[in-house]
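Examining the three-dimensional arrangement
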Amino acid sequence: MAKKTASRSAAKTAVKKKWSGLGAGAKKSSVKSSAKSSARKTIKSKGRVTAAKKSAPKAATKAASKARPKQRVAISHHREEDFKADGLRAYAKYRDLGIAAASHGLAQAHVIRLQGPCNPDEVSKLHFHDVEFQMVYVLKGWVKTYMEGEGETLMREGSAWTQPPRIRHMILDYSDDVELLEVILPAEFKTVELKA
């Protein structure tokens, strides 16, 4: 106990020396120290003024965060029986990762298996999603996409892309073994199919 107290005391003394300018070059340090000290006071006082001005938005942020229930941990292990044909597309099977439930609708994430062989008449329909964020990562296989402003792109295993809100896009082709990880905010969103 005495050893801890001594080391704390030594640490405090070292800190005091550093900031009071008692080390080497005491005169130079004391000038810098007083400048730092007054600058620190100015910053602190500005911080108080700024904090007072920002108190209303902080309260609004706290109220917004209270509106959504606390998020839970979501753990999902691979099981073949979790792939279900109950998602947005009839030619796909989805494995929900439990993110929508755990985040109370803030986001959703799922693994998508596009069922082969690709039928362009069914698959290649121009559409957009009314989302805040969408990201796709190719886990296995490949997929060829079209995105407004980007044109056609071949995405292979390890490729990832984002689709900005309401960007017009479509799938053109894919391998029979393709698997995609998709993350979307919010969990509930509207998809609009467009006429070509």
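Keep in mind that this is a model prediction, so the values were computed, not measured. (Residues numbered from 1 in each chain as written. Predicted model: local features only at pLDDT ≥ 70, side-chain atom pairs only at ≥ 80, totals over all residues. Heavy atoms only, no water.)

Taken together, five strands build an open sheet; the order of strands is β1-β2-β9-β4-β7 and the sheet is antiparallel. In this open sheet, the two strands that pair with only one neighbour each are β1 (92-96) and β7 (160-162). Geometrically, the sheet is characterised by an average inter-axis angle of 25° between neighbouring strands, direction not taken into account. In this sheet, strand β9 (residues 179-185) lies alongside strand β2 (residues 108-114) in antiparallel orientation, the contact comprising six bridges. Among the inter-strand pairings, I112 is bridged to a residue of β9, identified as L180. (Pairing = 2+ DSSP bridges. Helix = DSSP H or I, 4+ residues; strand = E, 2+ residues; numbered from the N terminus. Axes fitted to C-alpha atoms, helices over the stretch in contact; angles between N-to-C directions.)

With that settled, the discussion passes to the packing of aromatic side chains. Any two aromatic rings considered together are summarised by their centre-to-centre distance and by the angle between their planes. Per the stated rule, a full pass over the model turns up zero aromatic pairs. Seen from the ring of F83, R113 lies directly overhead, with NZ or CZ sitting 3.7 Å from the centre. (Phe/Tyr/Trp six-rings, centres within 6.5 Å; stacked < 30°, edge-to-face > 60°. Lys NZ or Arg CZ within 6 Å of the ring centre and 35° of its normal.)

So, about the confidence of the model for the chain. In this model, the chain carries an average pLDDT of 78, and 66% of its residues clear a pLDDT of 70 or more. Within the model, pLDDT remains below 50 along residues 18-55, and this stretch shows eleven contacts once partners closer than five positions in the same chain are excluded. (pLDDT = per-residue confidence, 0-100. Contact = heavy atoms within 4.5 Å.)

Pairing geometry for strand β4 (residues 133-140) and β9, over seven bridges, is antiparallel. Note on β9: the bridge partner recorded for V138 is L180. As defined by bridge partners, β4 adjoins β7 across three bridges and the pair is classed as antiparallel. Within the sheet, the bridge partner assigned to M135 lies in β7 and is T162.

Structurally, R113 is set in strand β2. For the pair R113 and Y91, spaced 22 residues apart in sequence, the C-alpha to C-alpha distance is 8.6 Å. R113 has contacts with H78, E80, F83, Y91, A92, K93, V178 and E179, leaving out every residue within four places of it along the chain. A distance of 2.8 Å separates the side chain of R113 from the side chain of E80, its partner in a polar contact. In this structure the side chain of R113 is engaged in a polar contact, spanning 2.7 Å, whose partner is the side chain of E179. (Polar contact = N/O pair within 3.5 Å; in protein donor to acceptor, adjacent residues only side chain to side chain.)

Right, let's get into the side chain of E179. Along the polypeptide, E179 turns up in strand β9. Residue E179 is classed as buried on the basis of its relative accessible area, which comes to 12%. Apart from the residues lying within four places of it in its own chain, the contact partners of E179 are V111, I112, R113, Y137, V138, L139 and K140. (Buried < 20%, exposed > 50% of the residue type's maximum accessible area, 1.4 Å probe, protein only.)

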